[in-house]
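Overview (structure and organization)
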Amino acid sequence: MATISCFSLVQPKLPIQSTKLSPLFSLSKPHFTTCFYSPTLLPCLVSYNSSIFKRLNPLICNCLSTVSPNNTHYEFSDGSSDVELRLELGDRNIQSTKDIFVDANESFLTVRLQCSGFPKTLMETSLYDKIKPAETIWYLDDTELVVNLKKHDPDLKWPDIMESWESLTVGVSQLLKATSIYLVGDSTEINQKIARELAVGLGYTPLDTKALLESFTKQDVDSLLIDEGSDAVAEAEGVVLESLSSHVRAVVATLGGKNGAARRFDKWRYLYAGFVIWLSKSEATDEISAKEEVRTNIQEGSQAYSNADVVVKLGGWDADYSKKVAQASLSALKSLILSDKKLPGKKGLYIRLGCRGDWPNINPPGWDPSSGVDPPAM
């Protein structure tokens, strides 16, 4: 089983510039989540930070779950404040409850049996969300093992006991509240592949700025670069992003590299309309160096991609693992939104006010970005 290790970096609030209008929402940098992925090492390593710059707090969140090597059948139900798991034990020769091992921490569950002198794992999985381990209860009911887990967030509906591709696509789709997703990074191809995986899973519309740009101009991007130059291509993609900014339930793959609008700080006005995932190639070879690379990326802020809400560090790339990277991205988005459930609504307000470039400190309706009065510092 592969896991995701998370950490949190807390950012002090930045000073707000004095203006005649007070912002409707004045936020510190939104939660910036990072995943390290390598097909030859861990499938992914996610780093989760609730703001930026101040201290490093280790968290645990597992991305990929193993239900059981023994094909255990289970039933799951979600109550108002707890969840219940029923595992079918069948005709296994269980002498007493001492033959059963149930271990639940805040985000992981393990169930093992001692059968005929040999331990067998029935379930070993990351939980869909956090629980209160001290309040875990389990008992036998005929041929079933019943495990009751107390939810950390009683208002959150769990689609399943485990965090899997299936549960994440259902759960994150509900949390997003129709907010679109944008994929940015240095590879157009990777952006496109992950965007398609996410769109299919979430039931969103897959959109591709490269295809839209080529359809509109009747030229391929390579020809446009030769004829017009990279500045013109970035400007044209910016126009496409403007037209897409009012769309909901879409996953948008953007142009990669220096020719894309997302590479330029002045082109993010319309990208802020959705949740942005940065698919970033990494020089890291392990979890520790990946964390340090993330910290450096955030502190330097030298790349416009650092404006993203989620960053997925790619220590390697294989198209066959697209769904694993997409799953890690959904896990990060879930953590992000659960840390501030108002974020999708704030994105919606930002769109309704015209995507004026004042994210995340949204100014009142009367604020005019062309007036010369800057929005509060981000």
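What counts, and at which threshold
Residues numbered from 1 in each chain as written. Predicted model: local features only at pLDDT ≥ 70, side-chain atom pairs only at ≥ 80, totals over all residues. Heavy atoms only, no water. UniProt positions renumbered as here; feature names shortened; annotations may be inferred. Buried < 20%, exposed > 50% of the residue type's maximum accessible area, 1.4 Å probe, protein only. Helix = DSSP H or I, 4+ residues; strand = E, 2+ residues; numbered from the N terminus. Pairing = 2+ DSSP bridges. Axes fitted to C-alpha atoms, helices over the stretch in contact; angles between N-to-C directions. Parallel < 35°, antiparallel > 145°, perpendicular 65-115°, else oblique. Left-handed = near helix turned anticlockwise from the far one by under 90°. Contact = heavy atoms within 4.5 Å. Nonpolar A, V, L, I, M, F, W, Y, C, P; charged D, E, K, R; others polar.

Going by what an unreviewed UniProt entry lists, the protein chain is known as CS domain-containing protein and is assigned to Heracleum sosnowskyi. What the UniProt record of the protein chain gives under Sequence similarities (unreviewed entry) is the line "Belongs to the shikimate kinase family."

Neither face of strand β14 (residues 250–253) is left uncovered, since the one carrying A250 and V252 and the one carrying V251 and A253 both have all their residues buried. Taken together, the 3 bridges between strand β12 (residues 181–185) and β14 define a ladder with parallel strand orientation. Paired with I181 across the strands is V251, a residue of β14. Bridging between strand β13 (residues 205–208) and β14 involves 4 bridges; their strand directions are parallel. Following the sheet pairing, D208 is matched in β14 by A253.

Looking now at the packing of helix α2 (residues 188–202) against helix α7 (residues 322–339). Two elements in contact, α2 and α7, have axes separated by 9 Å at closest approach and are oriented at 65 degrees. On the basis of their axis angle, the class for α2 and α7 is roughly perpendicular. The interaxial crossing formed by α2 with α7 has right-handed handedness. For the pair α2 and α7, contact is made by K193, I194, E197, L198 and L202 and by S322, K323, V325, A326 and L330, respectively. In the contact of α2 with α7, the residues fall into 6 nonpolar, 1 polar and 3 charged.

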